[in-house]
Amino acid sequence: MTSPVRLALLGCGTVGSDVVRLLHEQSADLAARIGAPLEIAGIAVRRLSRDRGDLPVDPALFTTDALGLIKRDDVDVVVEVVGGIEPARSWLVEALRAGKSVVTANKALLAEDGATLHDAAAEGGADLYYEASVAGAIPLLRPLRESLHGDRINRVTGIVNGTTNFILSAMDATGAGFAEALEEATELGYAEADPTADVEGFDAAAKAAILASLAFHTRVTAADVHREGITEVSAADVASAKAMGCTIKLLCIAARGADAAGRETVSVRVHPAMIPLTHPLASVGDAFNAVFVEAEAAGQLMFYGRGAGGAPTASAVLGDVVAVARNRLAGVHAASESAYADLPVRPMGEALTRYHISLDVADRPGVLEAVAGVFARHEVSIATVRQAPAGAGPGAELVIVTHVAPDAALAATVRELRGLDIVRSVTSVLRVEGGA
């Protein structure tokens, strides 16, 4: 055995505590895999007074001076599980420029300003690993940037937020509305006290940006991602999906495409969508995550598992720690960021999608013809129309599913429908994915 590889751990909350426990419980195995023992040089926290229970670590290792810890000469690897943009960005840039490898689970920072971290890693000749930033314990990012590096990835479709998947699964199973399902998720600990980042799609959008960047060798930020949450999904939407042989999931979708001039582009979006029950993602329930990758040579690949939680995320963190520690002992570092393609991100309006639209309309002759005329004016082809009595009052419900069309044309169609006097309300608009 050589000298220990010494870690600076930034953050000791749910994930950080499990990192400490796994380092303690698996110390012998980790040392054997690496060729050197792992030691914690220090743990930066916000409050020294916090009760940390029976955490197997010397209390003297705790400090509130994160930057001072990072700058210590005896620190080889910095592990960041604090989250947020600042001061995490400044800390990690400092470490990377000093040649210290970084392992982070910070999806928000990577999605907003991953370029700065990658540039700092290149400048310092250090490793930047972040498997835990997307889909928890699921081995996903390394296959995208290493195993599939010799292939061409065309599309990535995923369920990457466990909270929203639990909520939508509960709505599907019980017929509950969004509010009731969110309450259950909160009681069971799947949803935070403030669930905005999850239910409004911010968390999934950050992960979508990271996935797209790796899959398409292009720097994609969270600002490039079209984002919609699940707060408007109703029990009626879920029932309508069931009637079509579908279920509703919050999907992140990153795909290659082309603009009007034929130039290659990428589109990256997060929104709820109906998918057929035959789709591999349809059976992903509870708080699990899954990502469906479509590559030219490898074909269709599915990655599935627990996408969040202290222990699963800590597992991914330690996997990265082993990799960077072995690289350090070998005197090498991993290949830097691959962003050579530099593809433009296509606006959402140019993305090709399908819509499921429910209309509450007047029950009189000529209504269907008038509605169909709106679709025709925007060059949106109708795939199916179903009519049923309206839920309340003298009217009828029209449920229309379109063929594929530019999202802008579909959105314009919906706007015009809302202005028709024969349309009492547009009760639901959902995208349809996966050939339903």
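Residues numbered from 1 in each chain as written. Predicted model: local features only at pLDDT ≥ 70, side-chain atom pairs only at ≥ 80, totals over all residues. Heavy atoms only, no water.

Visitor: Even after reading the chapter, I still don't get helix H2 (residues 27–34), so can you show me in this structure?
Guide: Helical geometry note: an α-helix holds 3.6 residues per turn, so side chains three or four residues apart project in the same direction. All buried positions along H2 are accounted for by Leu30, Ala31 and Ile34. All buried residues of H2 project into a common sector of 100 degrees when viewed along the axis, lining one side. Facing away from the buried side of H2 by more than 90 degrees, the exposed set consists of Ala28 and Ala32. Where H2 is buried, its residues contact helix H1 (14–25), strand S2 (38–44) and helix H12 (310–330). Two residues or fewer after H2 comes Gly35, characterised by a positive phi angle close to 100 degrees. (Buried < 20%, exposed > 50% of the residue type's maximum accessible area, 1.4 Å probe, protein only. Helix = DSSP H or I, 4+ residues; strand = E, 2+ residues; numbered from the N terminus. Arc of directions from axis to C-beta. Contact = heavy atoms within 4.5 Å.)

Visitor: Would you explain the packing of aromatic side chains in this entry?
Guide: Each pair of aromatic rings is reported with the distance of its centres and the angle of its planes. Counted by the stated rule, this structure contains 2 aromatic pairs. Consider the rings of Phe288 and Tyr304, whose centres lie 5.3 Å apart with planes at 5 degrees: the pair is stacked. In this pair, Phe288 sits in strand S11 (residues 288–295) while Tyr304 sits in strand S12 (residues 299–306), placing the two residues 16 residues apart along the sequence. A residue is classified by how much of its surface remains accessible, and Phe288, at 18% relative accessible area, is buried. Against the face of Tyr130 rests Arg145, its NZ or CZ located 5.3 Å from the ring centre. Here the guanidinium or amino end of Arg227 rests over the ring plane of Phe202, the centre of that ring lying 3.8 Å away. (Phe/Tyr/Trp six-rings, centres within 6.5 Å; stacked < 30°, edge-to-face > 60°. Lys NZ or Arg CZ within 6 Å of the ring centre and 35° of its normal.)

Visitor: Explain the nonpolar core to me, please; I cannot follow it from the model alone.
Guide: In a soluble, globular protein the nonpolar side chains are often hidden away together inside. With 80 residues, the main nonpolar core has Leu10, Val78, Leu140, Ile153, Ile167 and Leu211 as its most contacted residues. With 11 residues, the top contributor of residues to this core is helix H10 (residues 202–216). Excluding residues within four positions of it along the chain, Leu211 makes contact with Val134, Leu140, Leu141, Leu144, Val156, Val160 and Cys252. Ranked by size, the runner-up nonpolar core spans 36 residues in total, among them Val15, Val20, Leu30 and Ala314. (Core = buried A, V, L, I, M, F, W, Y, C linked by side-chain atoms within 4.5 Å.)

Visitor: Whenever I open this one, unusual backbone geometry confuses me. Can you help?
Guide: Leave glycine aside and you will find that most residues have negative phi; peptide bonds, for their part, are mostly trans. The step from Glu86 to Pro87 runs through a cis peptide bond, and the omega angle for that step is 10 degrees. Locating Pro87 in the fold gives a position in the loop between strand S4 (77–80) and helix H4 (88–97). Even without being glycine, Ala135 reaches a positive phi, approximately 65 degrees. The residue His217 is not glycine, and still its phi comes out positive at about 50 degrees. One can find His217 in the loop between H10 and strand S8 (226–227).

Visitor: What should I look at first to understand the pattern of salt bridges in this one?
Guide: Side-chain pairing between opposite charges can occur once the charged atoms of the two side chains come close. Per the stated rule, a full pass over the model turns up 24 salt bridges. Notably, a salt bridge pairs Asp320 with Arg142, separated by 2.3 Å at the nearest N-O pair. Note that Asp320 is positioned in helix H12 and Arg142 in helix H6 (residues 141–147), a separation of 178 residues in sequence. Classification of Asp320 as buried rests on a relative accessible area of 2%. A residue is classified by how much of its surface remains accessible, and Arg142, at 26% relative accessible area, is partly exposed. Where salt bridges share partners, they join Arg6, Glu39, Arg72 and Asp74 into one cluster. (Salt bridge = Lys/Arg side-chain N within 4 Å of Asp/Glu carboxyl O.)

Visitor: Quick question: what am I supposed to make of the sheet that holds strand S3 (residues 62–63) here?
Guide: The 6 strands are arranged S3-S2-S1-S4-S5-S6 in an open sheet whose pairing can be described as parallel. Looking along the sheet, the strands with just one partner apiece sit at the ends: S3 and strand S6 (128–129). Bridging between strand S1 (residues 5–10) and S2 involves 6 bridges; their strand directions are parallel. Paired with Leu9 across the two strands is Ile43, which belongs to S2. Strands S1, S2, S4, strand S5 (101–104) and S6 of the sheet are contacted by H12, whose axis makes an angle of about 170 degrees with S5. (Pairing = 2+ DSSP bridges. Axes fitted to C-alpha atoms, helices over the stretch in contact; angles between N-to-C directions.)

Visitor: Teacher, can you tell me more about the packing of helix H7 (residues 162–174) against helix H8 (residues 178–187) here?
Guide: The geometry of a pair of packed helices is captured by two quantities: the angle between their axes and the separation between those axes. H8 packs onto H7 with a crossing angle of 125 degrees between their chain directions and a minimal axis gap of 9 Å. Here H8 runs oblique to H7, going by the angle between their axes. Considering only the axes of H7 and H8, their crossing is right-handed. Here H7 contributes Phe166, Ile167, Ala170 and Met171 to the contact with H8, which in turn contributes Phe178, Ala181, Leu182, Glu184 and Ala185. Taken together, the residues that form the contact of H7 with H8 break down as 8 nonpolar, no polar and 1 charged. (Parallel < 35°, antiparallel > 145°, perpendicular 65-115°, else oblique. Left-handed = near helix turned anticlockwise from the far one by under 90°. Nonpolar A, V, L, I, M, F, W, Y, C, P; charged D, E, K, R; others polar.)

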